[in-house]
Amino acid sequence: MAASFAFSESNGSGETPTDGISNLNMGDNDSANLNVSTYPIVAGNNSYEKNLRAKFGSTFTEISNMKFWKSAGDYVTGEAIKADEVTSYVQPVKTTSTRAVDAIPTEVGSAITVHSAAGGNTITAPGYTRYLCLQLQTTGSTPSGSVNQKTLTFQYDEI
Amino acid sequence: MSNINWTAIFKDKSELSQIDEEGKEHLFKEVQEKMSDLSFFILKYNKNDNYYIVDIHKGLIYINKIQDPEAEFISDKFNIRLIYFRRNRVHMDNNYKEIDRDIIHFLGYQYLDKVGKNHKVIIQISNEGNILIGG
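Residues numbered from 1 in each chain as written. Chains lettered and ligands numbered in written order. Predicted model: local features only at pLDDT ≥ 70, side-chain atom pairs only at ≥ 80, totals over all residues.

1. As for the overall build of chain A
Moving on, step 1. Counting secondary structure elements, chain A contains zero helices and nine strands.
Moving on, step 2. Mapped from its N terminus to its C terminus, chain A presents α and β elements in the order β-β-β-β-β-β-β-β-β.
Moving on, step 3. For 159 residues, the compact-globule estimate of 2.2 N^0.38 gives 15 Å, and the C-alpha radius of gyration of chain A, at 16 Å, lies within 12% of that figure.
Moving on, step 4. Looking at the 159 residues of chain A, the share that counts as buried comes to 34%.
Moving on, step 5. Within chain A, contacts between residues separated by at least 24 positions form 71% of all contacts whose residues are at least 6 apart in sequence. (Helix = DSSP H or I, 4+ residues; strand = E, 2+ residues; numbered from the N terminus. Rg over C-alpha atoms; globule rule 2.2 N^0.38 Å. Buried ≥ 20, exposed ≤ 12 C-beta atoms within 10 Å, placed from the backbone. Contact = placed C-beta atoms within 7 Å.)

And the structure:
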């Protein structure tokens, strides 16, 4: 049976994970599946950090070669998405992140290498990956309104 | 959801299919545990009768039918080992909502030549059954 795959987002001071999130909208609130119209980001500010994990379930032999990157979509002026793998959960903040500090890669060749929760390169039993911490950052020159569509891709090999 | 399932045929002619006759699904781990006894590894595309077959003894890949055509150029190959995995790409749009998933099957083998150098021969098969050779 193929592995099941879902994204999980963690929020709050004590870490409340939400498995199988329906979106990863970034906004001015620390919550899963948030509505960007309710929590818009003011130009010059950042979104709250997102703590994202992949969750593999069902039955499989091995998951390996896990990668994460932005595969399509242009930024508007002053916009950036920062993303890094981190080993533990910390309550999200909207100050400039010290955990998501690198520009999210835009090619599979430079993609973020994602590890199992235990830090290995493979997953052989149902469970989570390490955290991917993301933050959308803007400047005062970022235009108002919606940003351009982007595509983020998570890759993994399975046997 | 994958459109391709595998079947392994071992030296003693026994077979192990990913989905057996009783509908039970087997893990690839069961093939790994008998890898030294593996003779053929077959991927079958569920939407038609296409087969993709690795001959572990000869180091050949057949598409649809074994020994048709007959192989005319076979170099010495030693320590032939199966290569098989499914590459999944989950794509999400700007709302980070899952919008698409690509599955590519990587099938082939690796071997040592007569001077001990390792070589890999791999084809990529899309979930729609299309094939890429020489990537």
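2. Focus: the interface of chain B and chain A
Moving on, step 1. Opposite the 19 residues of chain B that make contact, chain A presents 23 residues.
Moving on, step 2. In terms of residue count, the dominant contributor to the side of chain B that touches chain A is strand β6 (residues 78–92) of chain B (nine residues).
Moving on, step 3. Residues that form the side of chain B that touches chain A fall into these classes: seven nonpolar, five polar and seven charged. (Nonpolar A, V, L, I, M, F, W, Y, C, P; charged D, E, K, R; others polar.)

3. A closer look at the pairing of strand β4 (residues 63–72) of chain A
Residues and elements named next belong to chain A.
Moving on, step 1. Summarising the sheet, β4 and strand β9 (residues 151–158) pair through seven bridges and their orientation is antiparallel. The residue of β9 that forms the bridge with Phe68 is Phe154.
Moving on, step 2. Where β4 and strand β6 (residues 112–113) come together, two bridges link them in antiparallel fashion. By the bridge assignment, Phe68 is partnered in β6 with Ile112. (Pairing = 2+ DSSP bridges.)

4. Points about the confidence of the model for chain A
Moving on, step 1. With 99% of its residues at a pLDDT of 70 or more, chain A has an overall mean of 93.
Moving on, step 2. Ranking the helices and strands of chain A by mean pLDDT puts β6(A) first, with 98, and strand β1 (residues 4–11) of chain A last, with 92. (pLDDT = per-residue confidence, 0-100.)

5. Observations concerning the sheet that holds strand β4 (residues 51–55) of chain B
All names here are of chain B.
Moving on, step 1. The five strands are arranged β2-β1-β3-β4-β5 in an open sheet whose pairing can be described as antiparallel. The strands lining the two open edges of the sheet, one partner per strand, are β2 (15–17) and β5 (60–63). Going across the sheet, the axis of each strand differs from the next one's by a mean of 15 degrees, ignoring polarity.
Moving on, step 2. Bridge analysis of strand β1 (residues 4–10) against strand β3 (residues 38–45) gives seven bridges, and the strand direction is antiparallel. Opposite Ile4, over in β3, you have Tyr45 as the bridge partner. (Axes fitted to C-alpha atoms, helices over the stretch in contact; angles between N-to-C directions.)

6. Structural notes on the environment of A:Asn35
Moving on, step 1. As for its position among the elements, A:Asn35 is in the loop between β2 (16–19) and β3 (50–57).
Moving on, step 2. We classify A:Asn35 as exposed; it has 12 C-beta atoms within 10 Å.

7. Some thoughts on the nonpolar core
Moving on, step 1. Counting 25 residues, the largest nonpolar core has A:Leu52, A:Phe56, A:Ile63, A:Ala83, A:Leu132, A:Cys133 and A:Leu134 as the members making the most contacts within it.
Moving on, step 2. Sorting the residues of this core by element identifies β3, β4, β5 (80–86), β8 (131–137) and β9 of chain A as the ones contributing at least two each.
Moving on, step 3. Counting residues per element, this core draws most heavily on β8(A), at five residues.
Moving on, step 4. Apart from the residues within four sequence positions on either side, A:Leu52 is in contact with A:Phe7, A:Glu9, A:Leu24, A:Tyr131, A:Leu132 and A:Leu134.
Moving on, step 5. B:Leu43, B:Tyr45, B:Leu107 and B:Ile125 belong to the second-largest nonpolar core, a separate cluster that totals 15 residues. (Core = buried A, V, L, I, M, F, W, Y, C linked by C-beta atoms within 7 Å.)

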